[in-house]
Amino acid sequence: MNHLFWENVFQGAQLFLGIQLICISFFKIFNKSLRNRLLGFFTLLSGLVYFYTIFMEEVANSQFFSFIFTGPNEVFHAPLLYLYIALLSNPSKKILHHFIFPLAYVFVYKILFLFFKDIYHLQIQNLGMLHYFFAPFYFGYYFYLGVKVFKQDLNDALKTKARKKFKLFYYAFNILYLVSVLSIFVPVIAMLISTEINKDHVERLFYVLVEWATILGMLVNVLLILYVLSESKRFKKFFIGNNIFKERKVIINTVIIRDKLRLLFEEDKVFLNPNCNINFVSKKAHEPPKIVSEFIQENYGLSFNDYVSKLRVEEFKNVLVKNKNTKYDLYGIANKSGFKSRASFYRAFKKFEGITPGEFKKKL
């Protein structure tokens, strides 16, 4: 009774997840952007998997639905995922040839199902073994292509937050598919290699691996729902901003900009000037404020104001350590370090050090 209850709960969670995936997929499928449409079809296929799993018997009793779900439709996942990422770096990339193989592959299954049913049902186990033999190589190949796009084109071009988000999405799903196909590939190969292996043990291993892959898949598909929502215009600006690419000048002139800012901040110590702001630094560096701000954000993970405050805090600490018995009080040193007010000094120090300036002095 308890086992049946939890099985029903598990199926209910899968059904709920599938409905959500299918619903949000249509918002992307009917979008003008090709990348969004690819994401929509990927989400739709992910949702349909749950319906097929839960309503397998009903599908088998319907000629129409049996035809729709016949064949390893998951072969579309790999090219859809890859092209969604690849079009970021090359929007004019040709995509149709990536679907020739999966279309032909699934088409063979559907032809066998429609016109050669006896052969199809007799050979279904062998077809499945053949599929799960080549699937790890197929998914692995497309995973490799996507990783290559990140390394060659996107790692330097994308802003840090955008790069982390796209990588998390791409890696999570590819690893899920590899784990899923390997959970079937390993037992199949084990049985093919050796006839001495106990089939009952292999079957138990198979069901355990598939069960864990299913749970992992549910967790990753929750991530997919959140990801698709975060890609909508209303929410995108809260996650990575509408502009996900670095300024071209930042990419091309990284070394030049870094040298200019290092000279200003490390040698000239412009941050000691209480009036040091983004416009002040951009004039000194002869670079637009947007370029200076973006460079600091991408390289130090801080806004311009936080970066200046952090340098001032470090300056304060250095002076205090060198001159423990200084005639200046704490705010006097802070003022010399570039802070305009006592409040801004205490706020910045607590933010970066986690303690108050007084507590820091006592530790010395």
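Residues numbered from 1 in each chain as written. Predicted model: local features only at pLDDT ≥ 70, side-chain atom pairs only at ≥ 80, totals over all residues. Heavy atoms only, no water.

Q: I tried to follow the overall build of the protein chain on my own but got confused; where do I start?
A: In terms of regular secondary structure, the protein chain is built from 18 helices and 0 strands. Each of the 364 residues in the protein chain was classed as buried or not, and the buried ones make up 42%. The contacts of the protein chain with a sequence gap of at least 6 include a subset with a gap of at least 24, amounting to 70%. In the structure as shown, the protein chain presents an accessible area of about 21600 Å², 63% of it carried by carbon and sulfur atoms. (Helix = DSSP H or I, 4+ residues; strand = E, 2+ residues; numbered from the N terminus. Buried < 20%, exposed > 50% of the residue type's maximum accessible area, 1.4 Å probe, protein only. Contact = heavy atoms within 4.5 Å. Areas by Shrake-Rupley, 256 points an atom, 1.4 Å probe, with all protein chains shown as cover.)

Q: It is not clear to me how the confidence of the model for the protein chain should be interpreted in this structure. Could you clarify?
A: Detailed reading of the predicted coordinates is not advisable wherever pLDDT falls low. Residues of the protein chain with pLDDT of at least 70 account for 85%, and the chain-wide mean is 83. For the protein chain, per-element mean pLDDT is lowest for helix α11 (residues 248-252), which scores 61, and highest for helix α5 (residues 77-89), which scores 93. (pLDDT = per-residue confidence, 0-100.)

Q: Any chance you could explain the side chain of Asn36 here in plain terms?
A: Locating Asn36 in the fold gives a position in helix α2 (residues 34-54). With residues up to four places along the chain from it excluded, the contact list for Asn36 reads Lys28, Ile29 and Asn31.

Q: I'm lost on helix α12 (residues 254-267) in this one. Help?
A: Each α-helix winds once per 3.6 residues, and so residues spaced three or four apart point in a common direction. The first and last C-alpha atoms of α12 sit 19 Å apart over 14 residues, in line with the 20 Å expected at 1.5 Å per residue. Among the residues of α12, those classed as buried are Ile257, Leu261, Leu264 and Phe265. Following α12 by one or two positions, Lys269 adopts a phi angle in the positive range, close to 50°. (Expected span 1.5 Å × (residues − 1).)

Q: Help me understand the packing of α12 against helix α13 (residues 278-285), please; the structure alone is not making it clear to me.
A: Two quantities define a packed helix pair, namely the angle between the helix axes and the distance between the axes. Following both chains from N to C, one finds α12 and α13 inclined at 120°, their axes separated by 10 Å at the closest point. Considering their axes alone, α12 and α13 lie oblique with respect to each other. Relative to α13, α12 is oriented so that their crossing is right-handed. Judged by residue contacts, Lys260, Leu261, Leu264 and Phe265 of α12 engage Val281, Lys284 and Ala285 from α13. The residue inventory of the contact of α12 with α13, partitioned by class, reads 5 nonpolar, no polar and 2 charged. (Axes fitted to C-alpha atoms, helices over the stretch in contact; angles between N-to-C directions. Parallel < 35°, antiparallel > 145°, perpendicular 65-115°, else oblique. Left-handed = near helix turned anticlockwise from the far one by under 90°. Nonpolar A, V, L, I, M, F, W, Y, C, P; charged D, E, K, R; others polar.)

Q: Help me out: how do you make sense of the pattern of salt bridges in this one?
A: Side-chain pairs of opposite charge can arise where the charged atoms are in close proximity. Tallied over the full model, the rule gives 8 salt bridges. The partner of Lys260 in a salt bridge is Glu287, with the nearest N and O atoms 2.9 Å apart. Of this pair, Lys260 sits in helix α12 while Glu287 is found in the loop between α13 and α14 (289-300), placing the two residues 27 residues apart along the sequence. Looking at Glu287, the relative accessible area reads 8%, which means it is buried. (Salt bridge = Lys/Arg side-chain N within 4 Å of Asp/Glu carboxyl O.)

Q: Just to check I follow, could you spell out the nonpolar core for this structure?
A: Most often, soluble globular proteins keep nonpolar side chains buried together rather than apart. Phe42, Tyr82, Ile85, Phe166, Phe169, Phe173 and Leu224 are the most contacted members of the largest nonpolar core, which has 55 residues in total. Mapped by element, the contributors of at least two residues to this core are α1 (2-29), α2, α5, α6 (100-115), α7 (117-157), α8 (160-193) and α9 (199-230). Of the residues forming this core, the biggest block, 12 residues, is contributed by α7. Discounting residues that sit within four places of it in the chain, Phe42 has contacts with His77, Leu80, Leu81, Phe169, Phe173, Tyr177 and Leu224. (Core = buried A, V, L, I, M, F, W, Y, C linked by side-chain atoms within 4.5 Å.)

Q: It is not clear to me how the environment of Leu223 should be interpreted in this structure. Could you clarify?
A: For Leu223, the location among the structural elements is in helix α9. Residue Leu223 is classed as partly exposed on the basis of its relative accessible area of 26%. Sequence separation of Leu223 and Phe173 is 50 residues, and the distance between their C-alpha atoms is 9.5 Å.

Q: Whenever I open this one, the environment of Leu182 confuses me. Can you help?
A: When you line up the elements, Leu182 lands in helix α8. What makes Leu182 partly exposed here is its relative accessible area of 37%. Residues Leu182 and Ala135, 47 residues apart in the sequence, show an inter-C-alpha distance of 8.5 Å.

Q: Would you explain the packing of aromatic side chains in this entry?
A: By convention here, two paired aromatic rings are described through the distance between centres and the angle between planes. Counted under the stated rule, the structure contains 36 aromatic pairs. Taking 6.4 Å as the distance between ring centres and 90° as the angle between the ring planes, the aromatic pair formed by Phe42 and Tyr177 counts as edge-to-face. Of this pair, Phe42 sits in helix α2 while Tyr177 sits in helix α8; the two residues are 135 residues apart in sequence, bridging distant segments of the chain. When its relative accessible area of 2% is taken as the criterion, Phe42 is described as buried. According to the relative accessible area criterion, Tyr177 is buried, its value standing at 11%. Between Phe316 and Phe349 the ring centres are 5.6 Å apart and the planes differ by 85°, which places this aromatic pair in the edge-to-face class. A residue pair is termed long-range when its members are at least 10 positions apart, and Phe316 in helix α15 (residues 304-322) and Phe349 in helix α17 (residues 342-353) qualify at 33 residues. Assessed through its relative accessible area of 0%, Phe316 is described here as buried. A relative accessible area of 0% places Phe349 in the buried class. (Phe/Tyr/Trp six-rings, centres within 6.5 Å; stacked < 30°, edge-to-face > 60°.)

Q: What should I look at first to understand a nonpolar patch on the surface in this one?
A: Together, Phe10, Val208, Trp212, Ile215 and Leu219 line one region of the surface with nonpolar side chains, adding up to about 500 Å² of accessible area. Counting residues per element, the nonpolar patch draws most heavily on α9, at 4 residues. Relative to the elements of secondary structure, Leu219 occurs in helix α9. (Patch = residues over 30% accessible without salt bridge, like charges linked within 9 Å, V, L, I, M, F, W, Y side chains within 5 Å.)

Q: When you look at the side chain of Asn174 in this model, what are you seeing that I'm missing?
A: Tracing the backbone through its elements, the reader meets Asn174 in helix α8. Under the relative-accessibility criterion, Asn174 is labelled buried at 2%. If sequence neighbours within four positions are ignored, Asn174 has contacts with Leu81, Phe139 and Phe143.

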